[in-house]
Amino acid sequence: MAEHKENKDQTTSQSTDNYEGWGFDLFPERRGTYKPNLKNILFQGRGNENLERIKCENKVAYCISKSPLVKIMMGALRRSGCEVNPSRHIACELCDSSVHGGYDPIMNQVVICQNTATSKGTIQGVLIHELIHMFDNCTRKLDFRNIEHLACTEIRAANLTHCGLVSSILEGHSSIFNFRKKHQDCVKHKAVISVLAVRNVTYEQAKEAVEKVFDRCYADLEPIGRRIRGRTVDFELAYAEAFLMGYD
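All values derive from a computational prediction rather than experimental measurement.

Peer 1: So what about the packing of helix α4 (residues 68-79) against helix α6 (residues 120-140)? Which residues, and what values?
Peer 2: Running from amino to carboxyl end, α4 crosses α6 at an angle of 20 degrees, the nearest separation of the two axes being 9 Å. Here α4 lies roughly parallel to α6, going by the angle between them. Relative to α6, α4 is oriented so that their crossing is left-handed. Together, Leu 69, Val 70, Met 73, Met 74, Ala 76 and Leu 77 of α4 and Gln 124, Leu 127, Ile 128, Leu 131, Ile 132, Met 134, Phe 135 and Cys 138 of α6 make up the contact between the two elements. Within the contact of α4 with α6, the residues separate by chemical class into 13 nonpolar, one polar and no charged.

Structure follows, in structure tokens:
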């Protein structure tokens, strides 16, 4: 997730007429602004983008075939009339070093950052997170220009795929003694940070949007059906229960 940087031109509107500049500066290859130079090649290991992309695509294919949660998301999208074609809807690209991936609502594509998401575990997490955004866009017709819509889908993605026991403790949001109570704080924090990564708003505006829609969006567990606490058994249980949600 990107670190939020203060911008002098803060916006207070709930929506605008286009998506220009909303996080897409984090994806220079997507914007067509990335041009490798000698400095990139000598000091940043650039020049191997094609090899990176091939490795990334192979790991994406592995996650699609092996990850229970990725399978759930792919099935849920298919059953909802929004089938995912990996070659069309999932793209490995060079990104800003602060992010691992993103969802482009204009192109309806999940972006995997081939230069930062290099392990199968990281790619699996990015796929699940961003496919939740794709699912929400498909089934709920989100307007990503509306900060409350954006906050809701970020809450759902954090709730369903992040804030497991280990990661939550490491980030200081909970302990083994108060995990249930603090889980919501972890979800709120991650949702706020995600909103800040793609919208030019203040921390207070992002937090206000998250708080406003939190209860409703936190309670929405579709299509995974359960919060994943970071245990392997949670993945398997969610996959086994997929038929209950109608997404097997």
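Next, the rest of the story.
Peer 1: Help me get a handle on the sheet that holds strand β2 (residues 101-104), residues and values and all.
Peer 2: The three strands are arranged β1-β3-β2 in an open sheet whose pairing can be described as mixed. Two strands lie at the open edges of the sheet, namely β1 (90-93) and β2, each paired on one side alone. The average undirected angle you get between the axes of adjacent strands in this sheet is 25 degrees. Sheet analysis places β1 next to strand β3 (residues 109-113), joined by four bridges and oriented parallel. Residue pairing in the sheet places Glu 93 in a bridge with Cys 113 of β3. Where α6 meets the sheet, its contacts fall on β1, β2 and β3, and the angle it forms with β3 comes to roughly 160 degrees.

Peer 1: Before we move on, can you summarise the nonpolar core with the specific residues and values?
Peer 2: Counting 53 residues, the largest nonpolar core has Ile 112, Leu 127, Leu 131, Ile 155 and Ile 224 as its most contacted members. Counting residues per element, the ones that place at least two in this core are α3 (49-66), α4, β1, β3, α6, α7 (147-161), α9 (179-198) and α10 (203-218). Residue contributions to this core peak at nine residues, all from α6. Each residue touching Leu 131, except ones within four places of it in the same chain, is listed here: Val 70, Met 73, Met 74, Leu 77, Val 84 and Val 110. Residues Phe 27, Cys 95, Val 99 and Val 111 belong to the second largest nonpolar core, which totals six residues.

Cut-off values and rules
Residues numbered from 1 in each chain as written. Predicted model: local features only at pLDDT ≥ 70, side-chain atom pairs only at ≥ 80, totals over all residues. Heavy atoms only, no water. Axes fitted to C-alpha atoms, helices over the stretch in contact; angles between N-to-C directions. Helix = DSSP H or I, 4+ residues; strand = E, 2+ residues; numbered from the N terminus. Parallel < 35°, antiparallel > 145°, perpendicular 65-115°, else oblique. Left-handed = near helix turned anticlockwise from the far one by under 90°. Contact = heavy atoms within 4.5 Å. Nonpolar A, V, L, I, M, F, W, Y, C, P; charged D, E, K, R; others polar. Pairing = 2+ DSSP bridges. Core = buried A, V, L, I, M, F, W, Y, C linked by side-chain atoms within 4.5 Å. Buried < 20%, exposed > 50% of the residue type's maximum accessible area, 1.4 Å probe, protein only.

Without other data, these values stay purely geometric and don't point to any function.
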